[in-house]
Structure formats: C-alpha cells, structure tokens
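Each chain is listed here by its residues.
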2 protein chains.
Amino acid sequence: MSNLEAALTYAHDHKKDFLNDLLSILRIPSISTLPEHNADIVASAQWIASQLEELSFDEVEIMPTSRHPVVYGSWTKAGTQAPTILVYGHYDVQPVDPLDQWGTDPFDPRIREDNVFARGASDMKGQVVAHLKAMEAILKSGNLPVNIKYMIEGEEEIGSPSLEAFLKNHGDLFECDFCLNADSGILGAEIPSMSYALRGLAYFEIRLQGPSTDMHSGIFGGAVVNPGNILCSLIAGMKDQDYKVTLPGFYDHVRPLTQDEHKELAQLPQPEDWWLKQSGANALDGEKGFTSTERATARPTLDVNGLYCGFIGEGSKTVLPAKAMAKISMRLVPDQTPGMVKQSLETYLAENVPPGISWEIKGLSSCMPGFIDRDSDAVKAASRALESVWGKSPLFKREGGSVPVVGLIRELLGVNSLLLGFGLPDDNLHAPNEKMYLPNFYRGIETYIRFMYEIAG
Amino acid sequence: MSNLEAALTYAHDHKKDFLNDLLSILRIPSISTLPEHNADIVASAQWIASQLEELSFDEVEIMPTSRHPVVYGSWTKAGTQAPTILVYGHYDVQPVDPLDQWGTDPFDPRIREDNVFARGASDMKGQVVAHLKAMEAILKSGNLPVNIKYMIEGEEEIGSPSLEAFLKNHGDLFECDFCLNADSGILGAEIPSMSYALRGLAYFEIRLQGPSTDMHSGIFGGAVVNPGNILCSLIAGMKDQDYKVTLPGFYDHVRPLTQDEHKELAQLPQPEDWWLKQSGANALDGEKGFTSTERATARPTLDVNGLYCGFIGEGSKTVLPAKAMAKISMRLVPDQTPGMVKQSLETYLAENVPPGISWEIKGLSSCMPGFIDRDSDAVKAASRALESVWGKSPLFKREGGSVPVVGLIRELLGVNSLLLGFGLPDDNLHAPNEKMYLPNFYRGIETYIRFMYEIAG
C-alpha cells in the first residue's frame, strides 16, 4: 500500500473520530470581537495547539499578539529539498446575533441532513479541522512528503489588526514556498473550483474646499466656484463613456486576461442573468469589451462609496457649500498596486482641479491584489487533487473581493497564496444557521491528503 | 407754493414728530416666529392701521390670514386716470438672540451718532414709517396726485406662508399699476441706488437608484452601474468648461444684458477684489464672458446645494451604493421661469441617465425672477427723486437673491415691483444691534414724497 493509499484508508476509517473532533472545537464560542469570550479564544487556540502536539510537530507555540494569539506549528522532517507549505487559517468566529433566528444553539452543533449547523462550521473551523485531519491521516499512517507550517490566527473576523506587526516580528518563522489559505470555498457541492486571483483595494477620501464658509447661493451663486459641482466634474472625468478609468497610467500594470481565462470565466455558473438578478438593477453595464463576471473579478474598478456636500436634510436650503467630500475606491488586479493608483489619482487631481478650489486626499485603506500562477506547481497539484476526489476538473475562478491576509503574506513573506477550501455559497457565513456540508468536509480531507502527495511530485 | 414744496416743508417741520412715531412702533416687539408675541403682532398691525385712519384713507382694514394679519389700506381719490401704486411692506421683525450681544434693549430704541438702534429699525419698520410719513406730509399739506394702496404683512420674517392664499382670495382689492416694495436698501449712505431685477429660483432634488440594495463593492464592483458615479456624471454634464449650463433650452429665454447695463454694473462698488475677499476662495471663476457682479446678479446659475450617497462616516466602508441624491438649484433671470428650467432638466435627464439607473426629480421650491424695465415710468420717476435728494444719479443694480413676494405679486397681481428702500449694508439686519441711519430716514421720506409727484408727471 502506498503512503497515499494508507493515508486515505486511515481517513476513511476515522471519519467518526474526525467528526467528533470537529464538533468538539465547534462547541467553543471563540467570538473574537466580544471581550467576554477571551477565555474561549484561548481555549480554541489551545485546542488547535494540542492537535499539533498530538501529531508530534517539531514546534508548537501559542504566540501572543497585542490581542488574540496566533497558533504556530512547524513540521519540517521532509527535509530542505522538499517544499514548505504555510497553512493559513483562523480559529475565531463571528458573533451570533440575531440569536432568535437560529434553529439550534450556535455552539451546540447539530447534524441535520448531511450538514452540521454551528457558528464557525464553514468559516472556518471546518476547513481548519479538515486540514488537521489530513495531516493526522498522513502522519499516523506513513510519511508526509512536504514540510508544513501552520499560522492559525484569532482575529480574522475583526480584520486581523495584529497580524501585520506579528509577521514583521516573526516573519522568519513562517518562511515557506507558498501559502495554502484554507479560508475559501467552492462554487457548489458538486462543482469543484479554485480561486487563483483576488482583487486588491485602494480606498480614498477626497476633500474639496471652495469658499471659506458656506455662502448664500442667491447672493454669491455664479461668482464663486462651487465645490459640489467641481467634485462631480472630477469624479465624472475619472471614467469615459465606455466605463474605462481615465486616470493617467491606471491600466499600465493591469495583466490582461488570456484567451484561456476568457474561456474559463465564461464557463462559470454566473451568466449575465445571474448578475442582473443579484443586483436588482434595471440593466447591467460596465467596462466595454468584458462580461459581467470579468468586470467583477478580473478588471479594476473605480467606484463612489460615499458623497457628501452641503444640505442633505428634508426640503431646500439655498446654500453654496464651502466643502464637498467623496469616498472613492478602486479594486485592483495584478500587477497594480495601491501606490501606483494613488499616484494616478494625485496626478489627475493636480491637473484637473480648477482655480477657486483647493483639494486633499487621504488614503483610508489598501490591499495588494493576489495572484497565483495557473501554471504553478501548487495550482496544478490542487487541480489534480480536486479532480481525483470529485471526478471532474475544477473550474478556475477569480475573486472580486479582497483578502487582506493574502496581500499581507505576499508583502511580508514574499509568497503567493493558493486558496483551497470547501465552503459552499449557501453556508450562511456571518449569518444565522451557519453550516458545513459534511460530505465536503470528508472530501476536503481527502483533497488535502492528495494535494500533499501531488505537490511533492 | 407748489404741492411738492408744501409737502417737503411739512416734512421738514415735522422731523421730530416723525422720529417719535418711528420710536413708538419700534417699541412693539412684533416677532412673528414666537407665539408669545402674538399680541405684539396685533398691536403693530393696529399701529399702522391707525396711521392710515388718521390720514383719512378710504378703506383701512386689518385682514386676518391663517396666522398673522395683513394691514390693508386704500386711498383712491386721485381718480381713475391717475396711476395706482401698491406699497408692500411688513411690520413683523426677527427674533433678537443672542440678546447679550446687543448694546441696548432691542425694543427700547436708542439714538447714538445719527443711528437709531432697535430690532426692526431697518428691516423694515423704518422704511414703512418713512413711507407713511411721506403720505402724511402730502395729505396734510395738499394733494396726493396718485392712488395708493397698502399691503403690510406680518409674516415676512417667517417666509410669508399665508400670503399666497391671501392674495388668491383678495387679489381684486390690490389691483394696481405697479408695486413699490419698500423692503430694500441702497449701496451706501451717500450712494443712492435702485434694484431693478431679482433672480428667481428653481430648486430640485434628484434621486437615482441603481441596484435594489447596497452591495459589496468587491463582489459586484465593475458589473453593476454605480448611482454615485452616475450622479456625478449627470451633474458634471450640466455645465461645460466655460461654466455655461448645457441643459437643453436653458438660455432660450434669458434676456441679454444691454451695453448700458454692462457699463452700469461695472460702476458698482463691487470689483473682482470685493468678491474674492467675500468668498475667501483662492480664485474666482464662472460663466465665461461675464464679470463676477454680472455672474452673481444678472446671469442664471446651476449650483449643487447638497449631495448624499453611500457611506459618509469616518473611515472606509466598501459599499456599492443603491441610491444617490443631489439637491441642485438654479437662479433664474428674466424671462426664465421655474417651469421652463424644470422642463430643461427633465429633458436632459431623460436623454442622459444610462441603462442600469432609474431616476426621479422633485421640485422643492421655486420663485419667478423679478424685473422692472429701466425705461419704465416708475424707474425713471424713482431715479429723478433719488437724484434730487442725494444730488447725484443713482446706481442701478440687480439682486442675485430672490424675493418671493415680488414673484408672487407678479404671478397673482400681474404687476412688477419697484424696489425702493433706504437700508444700508451695515444695518445689522437679522443680527444684534440692528440700526437705521436717521439722515437716510429723512432723505427716504423726501424721496418718497418726490417720487409721488414724479410718477404723476
């Protein structure tokens, strides 16, 4: 029996134990945003650390941060020639409100029709336990062909505020060839899929000032440049009629979609009808020459997130406002960076703000886009593993949103992230009645097992 | 001695009595917005009615409205061949807060250095009494060559809410050839001037809707048309780079400035420096081809008064907003009407709102522009009267703001208004230490006397 076969057999024989372990950690209410659950946060971290110790990891440590600890684990017996994979996950969960909409207690996990219902089942204790159990199956039955490190944090649901400082202090511990980010999902229970790209973010506040104070629009209107009108002109000028962004150099570093990517994205179960229905708008439109799926995942954007100027109460006030403010954000794609588009925006404003108006911009948040090459060993290995388990090739998709930790790991550890997890679109993440579909919990374990052998070659 | 000379002599001989009568009405705290002053409102109306009765007016009546009464008076012994002038004024005053910033009690009028300090001294009991005393001087000394009607209301400082219904019910009582609106002023104590035009107003709220609810700008950004961006594009498209309004037909009914008007407006004591200093902006700009004074008084505008969309709190929220709202208003000049520009706006929106966005507009307030021909008998008569009293020709100016009662009288009585009053820019209207400059109270009386004989020809 090969190592792989031995591990799969072990996993098959221990399904019940694996499930019991999953239920065990799901009972810990590790809500990161509520201080009264700090002991549960620690208990959850300890639960994971004890699993790693049980697997005879070389190093296991619950490492403090300024708030909730990170569980670190390292198993490097595969040697320096073998690849080293960093597994990223989080053990904290969202709050449970509104509690009265839950069918059962969110921290008393119950199984109904192949699903286990509990807060954190899919996001993401289910994924973390699936990976731990894959490790157990391999290490208890034979030999692990790669080096593994774990970084399981406790602050993801509150925006990972401590992670950047933590990685700056301890980056050397997490040296690796790539990151396997298990905080992910597939398109449907029977639709294996993988995300190979995430959009980044650059979010700005623009403030304009015209007259020194609000003025009477009758007495001064016409003679004084109105910052509200100018704000509109500036934002309007940021896109052309084809919904292309006009900021200088904005597209210079955008990696174009290949013909293969166009074809693959067209195969995703998200036709134009799907987007139209999701939005509830009377029609769709966007950057000319691209489908809605491409516009929302593979192309950069420039969206108004907020506008404020003058009088916005009921009725009328004839004010010529002194100030106007906009929040605008851009979703970025490889190889754009927040710094590049900030430069584009500043150049545009410097060239286009007219006399009579002064301006300033403030960066409010930013995140690098994420990308892992479709032809990389990691993607190919994951693809083969998914195909073996589901019996069909996975679909390749891109995420329109941003996952800050992927950008952070790229920036501070210098490696790309493979997004490989098994949540489903209807898992009720961050909502009442969160669940994990158990057949995919087991298929996830098998996929992770196969992936380790596929990546080792 | 001519009738004019007799009236001027009477006025000269009764200066002390006239002043005492002014002080008498200034002691009545007729604050229209405060219900506890309702008895003072009535006392103030009675004071004016008794003056008219004393002058043997044909009809004098304190006419109720849904809130504060209108004092009506009519003297028509000049006969049907003589012109009939409607004198508009108001006897109500603004509140006095902040009281601690007054040098003396606002309702205990005190004279210091040629000024009488009291709430309502300039706005506008001083002007009303000046006109009443001109009538007294004429009627007590000889013959009034014109017919006179009075409409002195008690709600001007709260926006004249009852006046429209009142005029619709009683319009026939106020039939006249033109209105003399005494609620006005001159540019400086030694700078006689007259306003012959007022801008109108058309104020709208524009509401756009894109997706049916707020969406995640990462997941949907690019695929869904953003109503915030579109609102900016629509407003930007309402003006060109020369700050000309582009709404279809917007300028069709704008009466162009004559060469004489350009010259006259250039002589006003409002050079570019004055506008720059008033605004506090770093530069001025506006409709190409016009001075700031022309832009602010003689040309129509389109100003953003308010903008609201999405998230406007501290920090960032990656929302793709469902809705966006703007309040915009246009100042109108003769012969534009609110209805015309509403049509222009609707046509523009119907042609330019793109697929994916639905829209609606709501008219929030409107007012007709006011204009009285510079070559009309009334303007010429007033001009000669001012020149006789001050010894120099008056300057002709236009008002950038709107005076709703002028539009209302134009609409419901079908006549234009001559703005002829004697307030000064530093009279502290609506502020602590309101005052009237007494030399101009007397010059105002003389001007009104001369005007009656000038207009009679």
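Residues numbered from 1 in each chain as written. Chains lettered and ligands numbered in written order. Predicted model: local features only at pLDDT ≥ 70, side-chain atom pairs only at ≥ 80, totals over all residues. Heavy atoms only, no water.

Right, let's get into the overall build of chain A. Check the secondary structure of chain A and you find 13 helices and 18 strands. Relative to its length of 457 residues, chain A is compact, with a C-alpha radius of gyration of 25 Å against a globular reference of 23 Å. Over its C-alpha atoms, taken along the principal directions, chain A stretches across nearly 85 × 50 × 45 Å. Split into buried and exposed, the 457 residues of chain A put 59% on the buried side. Excluding contacts between residues fewer than 6 apart, the proportion of contacts in chain A whose partners are at least 24 apart in sequence is 79%. Surface exposure of chain A reaches about 17,500 Å², of which carbon and sulfur atoms provide 47%. For chain A, the separation between the mean place of its 39 positive charges and that of its 60 negative charges on side chains is 3 Å. (Helix = DSSP H or I, 4+ residues; strand = E, 2+ residues; numbered from the N terminus. Rg over C-alpha atoms; globule rule 2.2 N^0.38 Å. Buried < 20%, exposed > 50% of the residue type's maximum accessible area, 1.4 Å probe, protein only. Contact = heavy atoms within 4.5 Å. Areas by Shrake-Rupley, 256 points an atom, 1.4 Å probe, with all protein chains shown as cover. Lys, Arg positive; Asp, Glu negative; His and termini not counted. Charge placed at Lys NZ, Arg CZ, Asp CG, Glu CD.)

Turning next to the relation of the copies chain B and chain A. Expressed as a screw transformation, the operator carrying chain B onto chain A has a rotation angle of 180 degrees and an axial translation of 0.1 Å, and the superposed copies differ by an RMSD of 0.2 Å. Such a turn and shift between the copies fits a two-fold axis. Relative to the rotation axis, the closest C-alpha in chain B is found at C232(B), a distance of 2.1 Å. In this assembly the copies share their binding face: 100% of the residues contributing to the interface of chain B also contribute to that of chain A. (Least-squares fit on C-alpha atoms with pLDDT ≥ 70 in both.)

Right, let's get into the nonpolar core. Formed by 75 residues in total, the largest nonpolar core has its most connected members in I148(B), L418(B), F441(B), I449(B) and F451(B). For this core, the leading source of residues is helix α4 (residues 121–141) of chain B, giving 11 residues. What L418(B) contacts, discounting residues up to four positions off in sequence, is F178(B), C179(B), L180(B), N181(B), M194(B), I372(B), A378(B), V379(B), A382(B) and F451(B). Judged by nonpolar contacts, the second largest core, of 74 residues, contains L19(A), I28(A), V116(A) and M452(A). (Core = buried A, V, L, I, M, F, W, Y, C linked by side-chain atoms within 4.5 Å.)

In this section: the domain arrangement of chain A. All names here are of chain A. Looking at the assigned domains, one finds that chain A contains domain 1 (3–198 + 369–456) and domain 2 (200–254 + 300–367). Of the residues lining the interface, 10 residues belong to domain 1; the matching set on domain 2 comes to 8 residues. Both sides of the domain 1 and domain 2 interface together cover about 610 Å² of buried area, and 65% of this is carbon and sulfur. Interface area lost by domain 1 to domain 2 is led by P369, R398 and S402, which between them contribute 67%. (Domains from an automatic or database assignment. Buried area = accessible area lost by both parts, 1.4 Å probe.)

Here L332(B) is to be found in strand β13 (residues 323–332). In this view, L332(B) contacts L198(B), R199(B), G200(B), L201(B), A202(B), T337(B), P338(B), V341(B), C367(B) and P369(B); residues no more than four positions away in its chain are not counted.

Quick look at the sheet that holds strand β4 (residues 110–112) of chain A now. All names here are of chain A. Sheet architecture is open: 3 strands sit in the order β4-β5-β18, paired in antiparallel fashion. Edge positions in the sheet fall to β4 and β18 (435–437), since each has one partner strand and no second. In this sheet, adjacent strand axes meet at a mean angle of 25 degrees when their direction is disregarded. Where strand β5 (residues 115–117) and β18 come together, 3 bridges link them in antiparallel fashion. Note on β18: the bridge partner recorded for F117 is K435. Contacts between helix α13 (residues 438–456) and the sheet are confined to β4, β5 and β18, with β18 contributing the most and set at about 60 degrees to the helix. (Pairing = 2+ DSSP bridges. Axes fitted to C-alpha atoms, helices over the stretch in contact; angles between N-to-C directions.)

A few words now on helix α12 (residues 404–413) of chain A. Within α12(A), burial applies to V405(A), V406(A), G407(A), L408(A), I409(A) and L413(A). Backbone geometry just downstream of α12(A) places G414(A) in the positive-phi region, at approximately 75 degrees.

What follows is about the packing of aromatic side chains. Where two aromatic rings form a pair, the distance of their centres and the angle of their planes describe that pair. What the rule picks out here adds up to 26 aromatic pairs over all chains. When the centroid spacing of 6.0 Å and the interplanar angle of 10 degrees are considered together, the rings of W390(B) and F422(B) count as stacked. With W390(B) in helix α11 (residues 377–390) and F422(B) in the loop between β17 (417–419) and β18 (435–437), the pair connects residues that are 32 residues apart, well separated along the chain. Taken individually, W390(B) and F422(B) each receive the classification buried, so the pair is uniform in this respect. Taken together, Y72(A), F166(A) and F174(A) form an aromatic cluster joined through their ring pairs. Over the ring of Y196(A) we find R374(A), and its NZ or CZ is 5.6 Å from the ring centre. Directly above the ring of Y442(B) sits K15(B), whose terminal nitrogen or CZ lies 4.5 Å from the centroid. (Phe/Tyr/Trp six-rings, centres within 6.5 Å; stacked < 30°, edge-to-face > 60°. Lys NZ or Arg CZ within 6 Å of the ring centre and 35° of its normal.)

Attention now goes to the pairing of strand β7 (residues 178–181) of chain A. Residues and elements named next belong to chain A. Residues F178 and L180 line one face of β7 and the alternating positions C179 and N181 line the opposite face, and both faces are buried. Pairing geometry for strand β3 (residues 84–90) and β7, over 4 bridges, is parallel. Each residue of the ladder has a partner; that of I85, found in β7, is F178. Bridge analysis of β7 against strand β17 (residues 417–419) gives 3 bridges, and the strand direction is parallel. Looking at β17, one finds that N181 is bridged to L419.

In this section: the sheet that holds β13(B). Within the open sheet, the 8 strands sit side by side as β14(A)-β9(A)-β13(A)-β11(A)-β11(B)-β13(B)-β9(B)-β14(B). Their pairing is antiparallel. The open sheet is flanked by β14 (358–367) of chain A together with β14 (358–367) of chain B, the only strands paired with a single partner. Ignoring which end each strand starts from, the neighbouring axes of this sheet average 15 degrees apart. Note: strand β11 (residues 303–310) of chain A against strand β11 (residues 303–310) of chain B, 5 bridges, orientation antiparallel. Bridge pairing in β11(B) places G306(A) opposite G310(B). Across the sheet, helix α6 (residues 227–236) of chain A lies against β9 (200–209), β11 and β13 (323–332) of chain A together with β11 of chain B, angled at about 15 degrees from β13(A), the strand it touches most.

The subject of this paragraph is the interface of chain B and chain A. Across the boundary between the two partners, chain B contributes 76 residues, which contact 76 residues of chain A. Three residues, A223(B), C232(B) and L307(B), lead the burial of chain B against chain A; their summed loss comes to 11% of the area buried on that side. Between the two partners, chain B and chain A, sit 34 residue pairs in polar contact (both at pLDDT 80 or more). Each residue belonging to the side of chain B that touches chain A can be placed in one class, and the counts come to 35 nonpolar, 31 polar and 10 charged. (Polar contact = N/O pair within 3.5 Å; in protein donor to acceptor, adjacent residues only side chain to side chain. Nonpolar A, V, L, I, M, F, W, Y, C, P; charged D, E, K, R; others polar.)

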